[in-house]
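Architecture and fold: a report
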Amino acid sequence: CAILGHNHPDVVAAITEACKNVIHLHSSQLSPPVIELAQLIASQLPKQLQKMIFLSTGSESNEAALRMAKLYRRGFEIYAFSGSWHGMTGGASASTYAFGRQGYGPTMPGVQAIPTPNCYRCPIRHCRDKCDMTCLEAGFDMTDRQNVGVPAAFIFEPIISAGGMIELPPGYLTRLRELCVGRGLLMIADEAQ
């Protein structure tokens, strides 16, 4: 509804039409519309991007991305911003630091935070109005001391929403990528909003 408005007639019509066919299948079964959608998407993507999974929520998507990264890298260490929100499922909530961590006990092992680059409220009280990325370097220095050498991924929001609607400073993603590659971390861009 954020894009089209509440109860947009086209959305209501599409849902009504879908309900005439298949409302629910076991997760191991695919309906013809899902197969057609997958084929349409695959036809527009390069050969190496022909596999896909359709999920219901951002939490599920992040959970799947984290699991794939762990499987591919054969590691379990996950890094995230200290102001991040990635969801409410196990792995996604373990890498969520904006709020919701109190009272649940230990999260998944190997998940660590680095400071959110906030030029207005510098997390290391170093700069004001122009981020020089010292927080990024200091954050990785700290995680380097805490990790156990089994890297998997860095999950991040390109625009940090729950942590304050923070845009990453110019050049930040380039430097973040260099630091991730140097440590064997895959990058997971979580942009659901």
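In what follows, the accompanying structure is described.

A closer look at the overall build of the protein chain
- Within the protein chain one finds six helices and six strands.
- N-terminal to C-terminal, the α/β element order of the protein chain is α-α-α-β-α-β-α-β-β-β-α-β.
- Judged by the C-alpha coordinates and their principal axes, the protein chain covers about 60 × 40 × 40 Å.
- For the protein chain, the share of sequence-separated contacts (at least 6 apart) that also reach a separation of at least 24 residues comes to 68%.
- When the accessible surface of the protein chain is totalled, it reaches about 12,700 Å², and 58% of it is carbon and sulfur.
- Put simply, the protein chain has 16 plus and 16 minus side-chain charges, and the middle of one group is 7 Å from the middle of the other.

Some thoughts on the environment of I160
- Looking at where I160 falls in the secondary structure, it is placed in strand β4 (residues 159–160).
- Along the primary structure I160 and C131 are separated by 29 residues, whereas in three dimensions their C-alpha atoms are 15 Å apart.
- Sequence-distant contacts of I160, that is, excluding residues within four places in its chain, are made with F81, G83, T116, P117, M165, I166 and L168.

So, the nonpolar core
- F81, I114, L136, F140, F154, Y172 and L176 are the most contacted members of the largest nonpolar core, which totals 18 residues.
- Of all the elements in the fold, those that place two or more residues in this core are β1 (77–81), α5 (134–146), β3 (151–156) and α6 (172–183).
- The element best represented in this core is α6, accounting for four residues.
- Setting aside its immediate chain neighbours within four residues, Y172 contacts F81, I114, P115, P117, M133 and L136.
- Ranked by size, the runner-up nonpolar core spans twelve residues in total, among them A65, A69, I78 and I155.

Let's talk about the sheet that holds β1
- In space, the four strands of this open sheet follow the order β2-β1-β3-β6, with parallel pairing throughout. Of all the strands in the sheet, the pair left with one neighbour each is β2 (111–114) and β6 (186–189). With strand direction ignored, the average angle separating the axes of adjacent strands in the sheet is 25°.
- As defined by bridge partners, β1 adjoins β2 across four bridges and the pair is classed as parallel. From the neighbouring strand, I78 faces β2, where its bridge partner is V111.
- The sheet strands contacting helix α3 (residues 58–73) are β1, β3 and β6, and the helix crosses β3 at an angle near 155°.
- Running at roughly 165° to β3, α6 makes contact with β1, β2, β3 and β6 of the sheet.

Analysis parameters
- Residues numbered from 1 in each chain as written.
- Predicted model: local features only at pLDDT ≥ 70, side-chain atom pairs only at ≥ 80, totals over all residues.
- Heavy atoms only, no water.
- Helix = DSSP H or I, 4+ residues; strand = E, 2+ residues; numbered from the N terminus.
- Contact = heavy atoms within 4.5 Å.
- Areas by Shrake-Rupley, 256 points an atom, 1.4 Å probe, with all protein chains shown as cover.
- Lys, Arg positive; Asp, Glu negative; His and termini not counted.
- Charge placed at Lys NZ, Arg CZ, Asp CG, Glu CD.
- Core = buried A, V, L, I, M, F, W, Y, C linked by side-chain atoms within 4.5 Å.
- Buried < 20%, exposed > 50% of the residue type's maximum accessible area, 1.4 Å probe, protein only.
- Pairing = 2+ DSSP bridges.
- Axes fitted to C-alpha atoms, helices over the stretch in contact; angles between N-to-C directions.

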